[in-house]
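Read off the chains here:
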Amino acid sequence: MREFFSKFIEEVRSKKSWQKGMIYGAAIVIVIAFVLYGIAFQSGFGVFLDVLVLVIVGVSGFFILVWIFEFIFYIFKRIAFILFAVLAAGVIILFAAQALPDDPYLYLSLGIIILGMLTGGIVGVFLKGDWKSFGKFIKGLLIFGVLVVLSMNLILIYWMVVPGTSSHLIEIDPISIQNQISAQNPLESGDRSFSTFSYGSGISERIPEYGESADILTDTVNISHLVSMDEWKAKIRAFYWGFDLDSAPLNAQVWMPEGEGPFPLVLIVHGNHNMTDFSEGGYAYLGEHLASRGYIFVSIDQNFMNGYFTGSLKGENDARAKLLLDHLSLWHKWNRDGKSGLYQKIDLENIALMGHSRGGEAAAIAAAMNVLERSPNNAQNRFDYGYNIKSVIAISPSEGQFKLGGQPIGLEDLNYLVVQGTHDSDISRFEGLKQYYRVSYTDEDPGYFKAAVLIERANHSQFNTVWSPYDRRLPSRFLLNIKPIMPEEQQRKILLMYVSAFLDATLKDMDEYQAVFENYQNAGEWLPENLYMNQFQSSGFTPVANFEEDV
């Protein structure tokens, strides 16, 4: 057997078609992978250019690494050095481009490159006609190899394309219960008509509605001292947007109820996403619904703070929070200005901040900054806010990316709601619970409360209509088990119910809605059949024992 396989390997290896086929097989895998990277890249200059540039970079890098490894193996006179070079270069390029530092992806990259090489080698032997020189037995082995490799390719494609499995989910019989609340369904639209408009600093060439044609022009603010990044990255971002962060714009879309007012004010800020895929419009469904129920809803643009192919900003959530408060300052100014079309339209005693992902953490940071005179991180940074923020809503928030004075963010005497999905592939743990536990009450007035809701089968991205339904980009999206994830319309309906009920309870003093947060079953048919878990605590809560009484 040793003699037979030695002869077989020597015969096959001596065929240049086999060797070239394996090289080109690996190269084709690289091209396919980088086409997918290009589709997901979103530089803002067009998909064709993204794909072209990334394919050139990926293939060039692959062959440069092949030549480097070929030279190294040649020096050490290794057998079949070119094939080892191809294997090593392919795995490095695939693994590095994906930028996932976990072992499973390394093994997957290795398997895909080996499969590509085997496929290419077999195809090369057949295309060149070299298989004709083999004996019948070796021909049979090659045909068997073709069937095996073809099956492996089909299995790989099937595994990556199918949605996944929901077999691991708990089998449940959802409790059927009637509504325990004698109030209007918070999912029903209100009877108010509303208008929409935008305001901006006039410098956002990429988003025309915030440019010179914005309905209201605003000043810019300097947040460069709150953000640190490499100079070359800052230049690329400035080239794309047309401005630096020392003149960051105040841009937003507004849904405004018609009528005398004043109306409660709700500001929402999106989280980190590709900055060329503008995120703030993804909450229009919230804006339309809440405006019809008598709320001014403002979706803030912070796309220029988001991720790009140069990477995401790190530790910048204080800048996101400051921008949120600067927007709030605008609304206070407009409400006092007799010449403003918004004069006395805003109920400044009833303000809520909302945020999604990093925006959810930024909303909590903003609420904490709001009551401080100076920044604990740098006392030269004065705060002059002190607004009446009564409620904070965090949707799948990040946690701990910024700390005030080195301490986690603590909030006092306000209402807090945090919502998270069990199938979130971005914030994969319920990080917002940490902030929930750090909300405390010095006033025993039971008018304040905090609530946390965990929604089974909800993910991270479907709360925003602009974002992809999936929490990861191509090609790593293929690795997600997406079958259990609930339909996006259902997920947004659940958020809409909770947000609407929470705002009615905390900004309009409709206490009957508080029961929704004490126990989700009280909402009855307002919620789709699903598994939920919730926590609740009011400011009038008195602990009998908290398990911290003894040593």
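Residues numbered from 1 in each chain as written. Predicted model: local features only at pLDDT ≥ 70, side-chain atom pairs only at ≥ 80, totals over all residues. Heavy atoms only, no water.

**Student:** Lay out the packing of helix α9 (residues 317-336) against helix α10 (residues 358-369) with the relevant residues and their values.
**Tutor:** Where α9 contacts α10, the axes come no closer than 8 Å and their chain directions differ by 65 degrees. Where α9 crosses over α10, the handedness of that crossing is right-handed. Seen from α9, the contacting residues are N317, D318, R320, A321, K322, L324 and L325; seen from α10, they are R358, E361, A362, A363, I365, A366 and M369. Considering only residue class, the contact of α9 with α10 consists of eight nonpolar, one polar and five charged. (Axes fitted to C-alpha atoms, helices over the stretch in contact; angles between N-to-C directions. Helix = DSSP H or I, 4+ residues; strand = E, 2+ residues; numbered from the N terminus. Left-handed = near helix turned anticlockwise from the far one by under 90°. Contact = heavy atoms within 4.5 Å. Nonpolar A, V, L, I, M, F, W, Y, C, P; charged D, E, K, R; others polar.)

**Student:** Explain the sheet that holds strand β3 (residues 251-257) to me, using residue names and the numbers behind them.
**Tutor:** If you trace the 10 strands from one edge of the open sheet to the other, you get β2-β1-β3-β5-β4-β6-β7-β9-β11-β12, paired in mixed fashion. With partners counted over all chains shown, the strands left at the sheet margins are β2 (216-217) and β12 (532-538), one partner each. The sheet contact formed by β3 and strand β5 (residues 296-301) spans five bridges and is antiparallel. By the bridge assignment, A252 is partnered in β5 with I300. Helix α8 (residues 284-292) rests against β1 (194-200), β3, β4 (263-269), β5 and β6 (346-356) of the sheet, and its axis sits at about 30 degrees to β3. (Pairing = 2+ DSSP bridges.)

**Student:** Describe unusual backbone geometry, listing the residues and the values that go with them.
**Tutor:** Here G261 and P262 are connected by a cis peptide whose omega angle stands at 0 degrees. Mapping P262 onto the fold places it in the loop between β3 and β4. One non-glycine residue, S357, adopts positive backbone phi at about 65 degrees. Located in the positive-phi region is R457, a residue other than glycine, with phi close to 75 degrees. Tracing the sequence through the fold places R457 in the loop between β11 (449-455) and α12 (488-507). We classify R457 as buried; its relative accessible area is 18%. (Buried < 20%, exposed > 50% of the residue type's maximum accessible area, 1.4 Å probe, protein only.)

**Student:** I'd love a proper account of α8, names of residues and values included.
**Tutor:** In an α-helix, one full turn covers 3.6 residues, which means residues spaced three or four apart are oriented alike. Counted residue by residue, α8 has eight buried out of nine residues, so it is predominantly covered. Where α8 is buried, its residues meet β1, β3, β4, β5, β6 and α12. Positive phi shows up at G294, right after α8, with a value of about 95 degrees.

**Student:** Account for a nonpolar patch on the surface, naming residues and giving values.
**Tutor:** Taken together, F45, F48, L49, L52, V53, I56, V57 and F239 make up a surface patch of nonpolar side chains, about 810 Å² in accessible area. Ranked by the residues each element gives to the nonpolar patch, the list is headed by helix α3 (residues 47-75), at six residues. Assignment of secondary structure puts F239 in helix α7 (residues 231-241). (Patch = residues over 30% accessible without salt bridge, like charges linked within 9 Å, V, L, I, M, F, W, Y side chains within 5 Å. Areas by Shrake-Rupley, 256 points an atom, 1.4 Å probe, with all protein chains shown as cover. Salt bridge = Lys/Arg side-chain N within 4 Å of Asp/Glu carboxyl O.)

**Student:** With reference to specific residues and values, describe the pattern of salt bridges.
**Tutor:** Here the structure, examined in full by the defined rule, presents nine salt bridges. Between R320 and E316 there is a salt bridge, with the nearest N and O atoms lying 2.6 Å from each other. Exposure remark for R320: the relative accessible area of 0% places this residue in the buried category. Note on E316: relative accessible area 0%, which makes it buried. Across the salt bridge formed by R358 and E316, the nearest N and O atoms sit 3.0 Å from each other.

**Student:** Lay out the packing of α8 against α12 with the relevant residues and their values.
**Tutor:** The interhelical angle for the contact between α8 and α12, taken along N-to-C directions, is 40 degrees, at an axis separation of 11 Å. When the axes of α8 and α12 are compared, the pair comes out oblique. The handedness of the crossing between α8 and α12 is right-handed. Listed contacts from α12 to Y285, L286, H289 and L290 of α8 are R492, L495, L496, V499, S500 and L503. Here the residues of the contact of α8 with α12 are counted per class, giving seven nonpolar, two polar and one charged. (Parallel < 35°, antiparallel > 145°, perpendicular 65-115°, else oblique.)

**Student:** Explain the pairing of β3 residue by residue, including any values.
**Tutor:** Counting buried positions over the seven residues of β3 gives seven, a clear majority of the element. Side chains N251, Q253, W255 and P257 project from β3 onto one buried face, and the interleaved A252, V254 and M256 project onto a second face that is buried too.

**Student:** An account of the nonpolar core is needed here, citing residue identities and associated values.
**Tutor:** Among soluble globular proteins, nonpolar side chains are generally buried collectively. Among the nonpolar cores identified, the biggest contains 69 residues, and V298 and W331 are the most heavily contacted of them. When residues of this core are assigned to their parent elements, the largest contribution, nine residues, is made by α9. Not counting chain neighbours up to four residues away, the residues in contact with V298 comprise Y199, A252, Q253, V254, L265, V266, L267, I268 and W331. Core analysis: the next-biggest nonpolar cluster, separate from the first, contains 47 residues, L187, I268, V419 and W526 among them. (Core = buried A, V, L, I, M, F, W, Y, C linked by side-chain atoms within 4.5 Å.)

**Student:** Please give an account of α7 that cites residues and values.
**Tutor:** Looking only at α7, the buried set comprises R237, A238, Y240 and W241. Seen from one end, α7 has its buried residues packed into an arc of 160 degrees, which puts them on one side. For α7, the exposed residues lying more than 90 degrees away from the buried face are E231, K235 and F239. With its phi angle positive at about 90 degrees, G242 sits one or two positions after the end of α7. (Arc of directions from axis to C-beta.)

**Student:** Give a description of the side chain of S538 that names residues and reports values.
**Tutor:** With respect to the secondary-structure elements, S538 resides in strand β12. Residue S538 is classed as buried on the basis of its relative accessible area, which comes to 16%. Once residues lying within four places of it in the same chain are set aside, the contact partners of S538 are Y441, Y448 and F449.

**Student:** Tell me about the packing of aromatic side chains, and please be specific about residues and values.
**Tutor:** Given two aromatic rings, one states the distance between the centres and the angle between the planes to describe the pair. One pass over the structure, following the stated rule, counts 24 aromatic pairs. Arranged with centres 5.8 Å apart and planes meeting at 50 degrees, the rings of Y498 and F517 form a pair that is tilted. One end of the pair, Y498, is in helix α12; the other, F517, is in helix α13 (residues 514-518), with 19 residues separating them in the sequence. Taking relative accessible area as the criterion, Y498 reaches 1% and is therefore assigned buried. In this structure an aromatic cluster arises from ring pairing among F45, F239, Y240, W241, F243, F278, F304 and Y308. The ring centre of Y436 lies 4.7 Å from the NZ or CZ of K450, which sits over that ring. One cation-aromatic arrangement involves K508 over Y295; the distance from NZ or CZ to the ring centre is 4.3 Å. (Phe/Tyr/Trp six-rings, centres within 6.5 Å; stacked < 30°, edge-to-face > 60°. Lys NZ or Arg CZ within 6 Å of the ring centre and 35° of its normal.)

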